[in-house]
Amino acid sequence: MRGKLMFLTGLAAGFVLGSRAGREKYEEIRANAQKVWQHPTVQEAAGVAQAQANKLYTEGKDKLQSSKLGEKLNTGTTGSATTDELIAPSDTLTTSKSTSTSTGTGTTY
């Protein structure tokens, strides 16, 4: 019984000390990642990737709508949402990321 109690005490102490060290390392990694993300070169690359994604989305949507399947989807969805209404706008992702990282508050995850 005493051995189990000592084991549990050691486990609890290790958990507390490990979580403190882990939190500091997490904050360090988070700060470095934020610096990298805010670098102009990274932002430029993200903008290019976003523009390419928007172009591919538009081309794919146009091809789908001009296909037989797209025609069936458009005729079968009278009164319901179109594909544009079902898919979030492209700037939603950038807006949510920029608001969460630009605040600089002590938000913990």
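Residues numbered from 1 in each chain as written. Predicted model: local features only at pLDDT ≥ 70, side-chain atom pairs only at ≥ 80, totals over all residues. Heavy atoms only, no water.

1. Looking at the overall build of the protein
To be explicit about the condition: A run of H or I in DSSP counts as a helix once it spans at least four residues, and a run of E counts as a strand once it spans at least two, with each numbered from the N terminus. The rule is simple: take the accessible area with a 1.4 Å probe, protein chains only, and divide by the maximum for that residue type; under 20% is buried, over 50% is exposed, in between is partly exposed.
Across its full length, the protein holds five helices and zero strands. Within the protein, the fraction of its 109 residues that count as buried is 1%.

2. What to know about the confidence of the model for the protein
Let me state the cut-off plainly: Residue-level confidence of the predictor is summarised by pLDDT, bounded by 0 at the bottom and 100 at the top. We call two residues contacting when some pair of their heavy atoms lies within 4.5 Å.
The predicted model of the protein averages 74 in pLDDT, with 69% of residues at 70 or higher. When mean pLDDT is compared element by element in the protein, helix 2 (residues 40-66) scores highest at 93, while helix 5 (residues 91-102) scores lowest at 45. Counted against residues more than four places away or in other chains, residues 91-105, with its pLDDT under 50, gives four contacts.

3. Some remarks on a nonpolar patch on the surface
Quick reminder of the rule: Patch definition: residues with relative accessible area over 30% and no salt bridge; like charges joined within 9 Å; nonpolar side chains (Val, Leu, Ile, Met, Phe, Trp, Tyr) joined within 5 Å. Values of accessible area rely on a 1.4 Å probe in the Shrake-Rupley scheme; residue burial ignores everything except the protein chains shown. The working definition used for a salt bridge is a side-chain nitrogen of Lys or Arg within 4 Å of a carboxyl oxygen of Asp or Glu.
A cluster of nonpolar side chains, Phe 7, Leu 8 and Leu 11, forms an exposed patch at the surface whose accessible area comes to about 340 Å². Looking at where Phe 7 falls in the secondary structure, it is placed in helix 1 (residues 2-37). Owing to a relative accessible area of 56%, Phe 7 belongs among the exposed residues under this scheme.

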